[in-house]
Amino acid sequence: MKDLEKLYRDYFETVYKYLFSITRSRDLSEELTQETFYQAMKTYDSFRGDAKVSVWLCQIAKHLWYKEYKRSGSHTSDSLEDLSDLIPSESTVEQKVVESDAKLKMYQKLQKLDEKTREVMYLRLTGELSFREIGEILEKNETWARVTFYRGKQKIMREEEKE
């Protein structure tokens, strides 16, 4: 049981950030994180160690997200409402409107990227994961994650220049 408590303490933040980066919903991320560790607890004895523990947990989390995504049939979440908490409270109303509009435009641009690039961008920007962690989660290497992020950023910058 102590192993499971340590597992939870050591990897809760990583799993939560991963889920938040793909769901963009704090409530759903918390719920799915709890379910991830519940599923991990049920299958802990069968974990062979073929992958890093963080990758194993994020794969469970991703599976649960896909299951929830299919079940709910929703393609969006309350991402802007969830992210609005990140705006500093001393901001003026005008600044909040401008920042919210900028976030909306950024998410619209991210949606135009291919799935893998978009996932890397979300993991890095919203999940605040390192390139190494992103590579592990997506079963690639750190360099691939860096290059994919850079190329995605370049595509977004080119689109902004067109505007």
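Model, not experiment: these values are computed from the prediction.

**Focus: the packing of helix α6 (residues 115-125) against helix α8 (residues 142-162)**
Thinking step 1. As a packed pair, α6 and α8 sit with axes 9 Å apart at the nearest point and diverge in direction by 100 degrees. Classified by the interaxial angle, the pair formed by α6 and α8 is roughly perpendicular. Of α8, the residues touching α6 (which contributes Lys116, Thr117, Val120, Met121, Arg124 and Leu125) are Trp144, Ala145, Thr148, Phe149, Gly152, Lys153 and Ile156.
Thinking step 2. Its residues assigned to classes, the contact of α6 with α8 comprises seven nonpolar, three polar and three charged.

**Let's talk about the packing of helix α2 (residues 26-43) against helix α3 (residues 53-72)**
Thinking step 1. Orientation of α2 relative to α3, taken along the N-to-C sense of each, is 120 degrees, at an axis distance of 9 Å. Overall, the two elements α2 and α3 adopt an arrangement that is oblique. Like other packed secondary-structure pairs, α2 and α3 cross with a definite hand, here right-handed. Across the interface between the two elements, Leu28, Leu32, Glu35, Thr36, Phe37, Gln39, Ala40 and Thr43 of α2 pack against Trp56, Leu57, Ile60, Ala61, Leu64, Trp65 and Glu68 of α3.
Thinking step 2. Class assignment for the residues of the contact of α2 with α3 results in ten nonpolar, three polar and two charged.

**So, the environment of tyrosine 11**
Thinking step 1. Its location among the elements puts tyrosine 11 in helix α1 (residues 2-23).
Thinking step 2. The class for tyrosine 11 is partly exposed, based on a relative accessible area of 24%.
Thinking step 3. Excluding residues that lie within four positions of it along the chain, tyrosine 11 makes contacts with Phe37, Val53, Ser54 and Leu57.

**Comments concerning the pattern of salt bridges**
Thinking step 1. Under the defined criterion, the tally for this structure stands at nine salt bridges.
Thinking step 2. Across the salt bridge formed by lysine 6 and aspartate 10, the nearest N and O atoms sit 2.6 Å from each other. Of the two residues, lysine 6 and aspartate 10 both sit in helix α1, four residues apart, roughly one turn of that helix.
Thinking step 3. The salt bridge involving glutamate 142 is made with arginine 146; its shortest N-O contact spans 3.0 Å. Of this pair, glutamate 142 and arginine 146 both sit in helix α8, separated by four residues, roughly a single helical turn.
Thinking step 4. What makes arginine 146 partly exposed here is its relative accessible area of 42%.
Thinking step 5. When salt bridges that share partners are traced, they join Lys52, Arg132 and Glu136 into one network.

**Some words on α8**
Thinking step 1. In this model α8 runs 31 Å from its N-terminal to its C-terminal C-alpha over 21 residues, within 8% of the 30 Å that 1.5 Å per residue would give.
Thinking step 2. Those residues of α8 not exposed but buried are Ala145, Thr148, Phe149, Gly152 and Ile156. Looking straight down α8, one finds that the buried residues subtend no more than 100 degrees of arc, so they occupy a single side. Exposed and oriented more than 90 degrees from the buried face of α8 are Thr143, Arg151, Glu161 and Lys162.
Thinking step 3. Here α8 starts with a cap whose side-chain oxygen sits 3.1 Å from the backbone nitrogen of threonine 143, and that cap is asparagine 141.

**What to know about the confidence of the model for the chain**
Thinking step 1. Per-residue pLDDT for the chain averages 78, and the proportion of residues at 70 or more is 80%.
Thinking step 2. For the stretch residues 75-94, pLDDT sits under 50, and the model shows 26 contacts to residues farther than four places along the chain or on other chains.

**Some thoughts on the packing of aromatic side chains**
Thinking step 1. Per the counting criterion, the structure on display carries six aromatic pairs.
Thinking step 2. Measuring from centroid to centroid gives 5.5 Å for tryptophan 65 and tyrosine 69, while their planes differ by 55 degrees, and the two rings are tilted. Of this pair, tryptophan 65 and tyrosine 69 both sit in helix α3, four residues apart, which is roughly one turn of that helix.
Thinking step 3. Here tryptophan 65 falls in the buried class, since its relative accessible area comes to 13%.
Thinking step 4. Ring centres of phenylalanine 131 and phenylalanine 149 lie 5.6 Å apart, and the angle between their planes is 65 degrees; this geometry places the pair in the edge-to-face category. With phenylalanine 131 in helix α7 (residues 131-137) and phenylalanine 149 in helix α8, the pair connects residues that are 18 residues apart, well separated along the chain. Each member of the pair, phenylalanine 131 as well as phenylalanine 149, is classed as buried.
Thinking step 5. Three or more aromatic residues joined by ring pairs form one cluster here, namely Tyr8, Phe12, Tyr16, Phe20 and Phe37.
Thinking step 6. Above the face of the tyrosine 122 ring, arginine 24 is positioned so that its terminal group lies 4.5 Å from the ring centre.

Conventions used here
Residues numbered from 1 in each chain as written. Predicted model: local features only at pLDDT ≥ 70, side-chain atom pairs only at ≥ 80, totals over all residues. Heavy atoms only, no water. Axes fitted to C-alpha atoms, helices over the stretch in contact; angles between N-to-C directions. Helix = DSSP H or I, 4+ residues; strand = E, 2+ residues; numbered from the N terminus. Parallel < 35°, antiparallel > 145°, perpendicular 65-115°, else oblique. Contact = heavy atoms within 4.5 Å. Nonpolar A, V, L, I, M, F, W, Y, C, P; charged D, E, K, R; others polar. Left-handed = near helix turned anticlockwise from the far one by under 90°. Buried < 20%, exposed > 50% of the residue type's maximum accessible area, 1.4 Å probe, protein only. Salt bridge = Lys/Arg side-chain N within 4 Å of Asp/Glu carboxyl O. Expected span 1.5 Å × (residues − 1). Arc of directions from axis to C-beta. Polar contact = N/O pair within 3.5 Å; in protein donor to acceptor, adjacent residues only side chain to side chain. pLDDT = per-residue confidence, 0-100. Phe/Tyr/Trp six-rings, centres within 6.5 Å; stacked < 30°, edge-to-face > 60°. Lys NZ or Arg CZ within 6 Å of the ring centre and 35° of its normal.

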